[in-house]
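Structure assessment
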Amino acid sequence: MTEEILSAVTNEVFSVWFLIGAALVFWMQAGFAMVEAGFTRAKNTGNILMKNLMDFCIGTVVFILIGFGLLFGEDVVGIIGKPGFDIFTNYANFDWSNFVFNLVFCATTATIVSGAMAERTRFISYCVYSGVISAVIYPIEAHWIWGGGFLAQMGFHDFAGSTAIHMVGGISALIGAAMLGPRIGKFVKDKAGKIVKVNAFPGHNLPLGCLGCFILWFGWYGFNGAAATSVPQLGSIFLTTTVAPAVATVVCMIFTWIKYGKPDVSMCLNASLAGLVAITAPSDVTDCFGAIVIGAVAGVLVVFGVWLLDNVLRVDDPVGAVAVHCLNGIWGTIAVGLFATTSAPGNDSIVGLFYGGGFRQLVIQLTGFVCVAGWTAVTITIAFLVIKATLGLRVTEEEEIVGLDSMEHGLPSAYSGFAIQDISMAMETMDESVALGEGTYEAASRLQIDKAVPVVAESGDLDVNGVPIFNTGMHKITIIAKLARFDTLKKAMNDLGVTGMTVTQVMGCGIQKGAGEYYRGVEMDATLLPKIKVEVIVSKIPVETVVEAAKKALYTGHIGDGKIFVYNVLKVVKVRTGEEDYKALQDVE
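Everything numeric in this text was worked out from a predicted model, so none of it was measured.

This next bit is on the overall build of the chain. A count of helices and strands for the chain gives 19 helices and 13 strands. Counting the 589 residues in the chain, one finds 54% classified as buried. Across the chain, contacts joining residues at least 24 apart in sequence account for 77% of those joining residues at least 6 apart. Surface summary for the chain: the accessible area is close to 24300 Å², and the carbon and sulfur share equals 66%.

Below you can see the structure in the form of structure tokens.
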């Protein structure tokens, strides 16, 4: 009788823990949002938050309608679950807990894709392909693994989703980012079109990214541990889920310290996540030694993955989603066939190659990897091609440069009330590493020129469309520029007849070529640069002519080439002669 009571209590406790684990996995959505927002530029923060919110909300809708049936419906020849509507027709007997648990996992798969395609994807297109992943792509392959499909029947093991979730999301992210193309200025090309340099786009808020990393790590204890069926098994899973990411982070720190001269902060944050991804599949079947090796490989693999995408594949992944989820999802899948051991509580049958089990489980794991990867690559490619042909995948050049918060959502800033310097606004005007795609003034579009050398007029000097107008008799033009462009600027002004100017040396935040600093393995340039401020007063010469000449003199094709301010001048007095206004300016223009 006592044993029956204890068994009943234990079952109830683990049922509650199962739902607590689901809540922890849901909380990981916040972690993904924080990591992605922190690792990208401030001008797109609102867009990223909106996408992570809609991942779950859209995923919930389609999972109710079709996803859950495809995943856990009656098995049809080991390939697909039979769709049904028991949630509506037989709610009293519906498996509510299982639905919620698998829903939060489903939403995670779609979220992974968001990071790799950040800062340049149309919001409506994102909503569509997020729904496709949650409705069809994830449920079918997850049925193969967890719903009684052919991989489960073979003995394929993926305890919590290295394959079903992370690899699928990572492959989708890789294909999506490749089809979408890089962000403007990510890769610098020579005249022949060959990529000669990779630019770093530092994340605007690493504290936010770090907070997201810790939220994800905390949520991962539910991600991996929720399905545990005994206290010893749960304890072992918690141990492996702690050891692997910790070792991965230490290895990554040492590796980047040696390779780049300093330990890379954002790469180490990615390494923590890489270790978590890698241990997800074998977390219940490996021991501490296996977790150490799995984590160590993940710590190196994430650095290699970022380098591979930047320097070989030339795919722009702003947050490292492919390196973290795709490569380490594959590694975690394979690791089951190498490090599984019956010494892990609850594992009585799966033994890996390095623990005397031979190649059997490894072959099964590789088969599962090939099947799921093939399914994902084909279906997501079709989805992206259809979306690209109908809705379009990528935003316009103007929308990307201005920022998706403003252009897609009408949100001036995600940080209203804070004096934050965004690379898209304040900092971008001083950031010489951000190329706009054209290095010559003649070949550049008007948008590129205006972004490289923006003009700011007094509020009263703007028309209804916000375009500067110059309708007063005298104007002061202040030009902020790089020291190296001063001679060119001075000549341009002299050619117009502007001979009088005031020049001041100032300091500005920017990037200097060849300083040896690194961000995520990409060399950056140092900040705190000397600048010049040139001030001229004109009346006879049209302001538009002066502004255009200054733009042409300063333009090099990078955000941060300069900035021009135009002000109305109410009064000018020449002290020596007493001449005023127009007459006082005639010997300087």
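It is worth spelling out the packing of helix α5 (residues 123-146) against helix α13 (residues 360-390) at this point. In the contact formed by α5 and α13, the axes pass within 10 Å of each other and the chain directions differ by 160°. Taken together, the axes of α5 and α13 are roughly antiparallel relative to one another. Here α5 runs over α13; the crossing is right-handed. Residues Ser125, Val128, Tyr129, Val132, Ile133, Val136, Ile137, Ile140, Glu141, Trp144 and Ile145 of α5 pack against Cys371, Val372, Trp375, Thr379, Ile380, Ala383, Phe384 and Ile387 of α13. Residue composition of the contact of α5 with α13, grouped by class: 16 nonpolar, two polar and one charged.

Turning next to the nonpolar core. One recurring pattern in soluble globular proteins: nonpolar side chains tend to sit buried together. Membership of the largest hydrophobic core comes to 104 residues, with the highest contact counts inside it found for Phe105, Tyr129, Trp220, Phe223, Val302, Trp331 and Phe384. Sorting elements by how many residues they give to this core places helix α4 (residues 96-116) first, with eleven residues. Leave out the neighbours within four places in its chain, and Phe384 touches Val113, Met117, Tyr129, Ser172, Ile175, Gly176, Met179 and Leu393. In this structure, Ile479, Ala492, Val546 and Ala549 belong to the second largest nonpolar core, which totals 28 residues.

What follows deals with a nonpolar patch on the surface. Nonpolar side chains collect at one region of the surface, where Val61, Leu65, Ile66, Phe85 and Phe88 lie side by side and expose about 470 Å² of accessible area between them. Examining the composition of the nonpolar patch, we find that three residues originate from one element, helix α2 (residues 45-72), more than from any other. With respect to the secondary-structure elements, Ile66 resides in helix α2. Taking relative accessible area as the criterion, Ile66 reaches 32% and is therefore assigned partly exposed.

Attention now goes to the packing of helix α10 (residues 265-280) against helix α11 (residues 288-313). Relative orientation of the contacting elements α10 and α11 amounts to 130°, with a least axis distance of 8 Å. Our classification of the angle between α10 and α11 gives oblique. Between α10 and α11 lies a crossing whose hand is right-handed. For the pair formed by α10 and α11, the contact residues are Met267, Asn270, Ala271, Ala274, Gly275, Ala278 and Ile279 on the first element and Ala291, Ile294, Ala298, Val302, Val303 and Val306 on the second. Of the residues in the contact of α10 with α11, the class split is eleven nonpolar, two polar and no charged.

In this section: the confidence of the model for the chain. Per-chain confidence: the chain averages 87 in pLDDT, with 86% of residues scoring 70 or above. Below pLDDT 50 for its whole length, residues 419-434 participates in 57 contacts with residues either more than four positions away or in separate chains. Predicted confidence is poor over residues 510-515, with pLDDT under 50, and the contacts of this stretch with residues over four places away or in other chains come to 24 contacts.

With respect to the element layout, Phe201 can be found in the loop between β4 (195-198) and α8 (206-225). Using a relative accessible area of 4% as the deciding quantity, one classes Phe201 as buried. Once the C-alpha coordinates of Phe201 and Gly185 are considered, the two residues, 16 residues apart in sequence, prove to be 9.2 Å apart.

For the rest of this paragraph, the subject is the pairing of strand β7 (residues 475-482). Counting buried positions over the eight residues of β7 gives seven, a clear majority of the element. Here β7 runs beside strand β13 (residues 562-568); their pairing, made up of seven bridges, is antiparallel. Bridging from a neighbouring strand, Thr478 pairs with Phe565 of β13.

What follows covers the packing of aromatic side chains. Overall, the coordinates contain 24 aromatic pairs when judged by the stated rule. When the centroid spacing of 5.9 Å and the interplanar angle of 55° are considered together, the rings of Phe94 and Phe99 count as tilted. For the residue pair Phe94 and Phe99, the accessibility class agrees, reading buried in each case. Here the aromatic residues Phe18, Phe101, Phe105, Trp146, Trp220 and Phe223 are joined through ring pairs into a cluster of three or more. Cation over ring: Lys51 sits above Tyr126, and NZ or CZ is 5.0 Å from the ring centre.

Further remarks concern the state of the cysteines. This structure, assessed with the given rule, holds zero disulfides. Cys213 takes part in no disulfide bond, and the closest cysteine sulfur, belonging to Cys210, lies 6.2 Å away.

So, about unusual backbone geometry. Phi angles above zero are rare outside glycine, and Val77 is one such case at about 50°. With a phi close to 55°, Arg314 is a non-glycine residue in the positive phi region. For Arg314, a relative accessible area of 28% puts it in the partly exposed group.

The next subject is the environment of Ile137. Among the structural elements, Ile137 can be located in helix α5. For the pair Ile137 and Thr109, spaced 28 residues apart in the sequence, the C-alpha separation amounts to 9.8 Å.

Once that is clear, we can look at the side chain of Thr40. Tracing the backbone through its elements, the reader meets Thr40 in the loop between α1 (2-38) and α2. Classification of Thr40 as buried rests on a relative accessible area of 1%. A polar atom in the side chain of Thr40 sits 2.8 Å from the backbone oxygen of Glu36. For Thr40, the side chain forms a polar contact with the main-chain oxygen of Ala37, separated by 3.2 Å.

Inspection of every chain in the model, using the stated rule, returns eight salt bridges. Two residues, Glu535 and Lys476, come together in a salt bridge whose shortest N-O distance is 3.0 Å. On the criterion of sequence distance, the pair formed by Glu535 in strand β11 (residues 529-538) and Lys476 in strand β7 is long-range, its members being 59 residues apart. Residue class for Glu535 comes out buried when judged on its relative accessible area of 18%. With relative accessibility at 28%, the residue Lys476 sits in the partly exposed group. Here the residues in one salt-bridge network are Arg41, Glu119, Arg183 and Asp316, joined through shared partners.

Rules used throughout
- Chains are numbered independently. Their residues run from 1 in the order of the written sequence.
- At least 70 in pLDDT is required for a residue's local features to be given in this predicted model, at least 80 for side-chain atom pairs to be given and counted, and no such filter applies to totals for whole chains, interfaces and linings, which use all residues.
- Calculation of side-chain values draws on the structure's entire complement of heavy atoms; hydrogens and water are dropped beforehand.
- Secondary structure counts use DSSP, requiring at least four H or I residues in a row for a helix and at least two E residues in a row for a strand, with both numbered from the N terminus.
- We call a residue buried when its accessible area falls under 20% of the maximum for its residue type, exposed when it is over 50%, and partly exposed in between, using a 1.4 Å probe and counting protein chains only.
- Any two residues whose heavy atoms approach within 4.5 Å at even a single point are treated as in contact.
- Here the Shrake-Rupley method, with its probe set to 1.4 Å, supplies the accessible areas, and only the displayed protein chains count as covering residues.
- Axis lines are fitted to C-alpha atoms, over the contacting stretch for helices. Their N-to-C directions set the angle, which ranges from 0 to 180 degrees.
- By the definition adopted for this analysis, an angle is roughly parallel if under 35 degrees, roughly antiparallel if over 145, roughly perpendicular if from 65 to 115, and oblique otherwise.
- Crossings are classed by handedness, with left-handed meaning an anticlockwise turn of the near helix from the far one by less than a right angle and right-handed meaning a clockwise turn.
- The nonpolar class holds Ala, Val, Leu, Ile, Met, Phe, Trp, Tyr, Cys and Pro. Asp, Glu, Lys and Arg form the charged class, and all remaining residues, Gly among them, are polar.
- Buried Ala, Val, Leu, Ile, Met, Phe, Trp, Tyr and Cys residues form a nonpolar core when they are joined through side-chain atoms within 4.5 Å.
- Patch construction takes residues with relative accessible area above 30% that form no salt bridge. Like charges are linked within 9 Å, and nonpolar side chains (Val, Leu, Ile, Met, Phe, Trp, Tyr) are linked within 5 Å.
- The term salt bridge refers to a side-chain nitrogen of Lys or Arg lying within 4 Å of a carboxyl oxygen of Asp or Glu.
- Per-residue confidence from the predictor is reported as pLDDT, a score between 0 and 100.
- Pairing between two strands is assigned when DSSP locates at least 2 bridges connecting them.
- Each Phe, Tyr or Trp ring, with Trp reduced to its six-membered ring, pairs with another whose centre is within 6.5 Å; inter-plane angles below 30 degrees give stacked pairs, above 60 give edge-to-face pairs, and intermediate values give tilted ones.
- Geometrically, a charge over a ring is one whose NZ (Lys) or CZ (Arg) sits within 6 Å of the ring centre while staying within 35 degrees of the ring normal.
- The criterion for a disulfide is a pair of cysteine sulfur atoms lying within 2.5 Å.
- Whenever two N or O atoms come within 3.5 Å, that pair is a polar contact, provided that in protein one can donate a hydrogen and the other can accept it, and provided that, for residues adjacent in sequence, both atoms are side-chain atoms.

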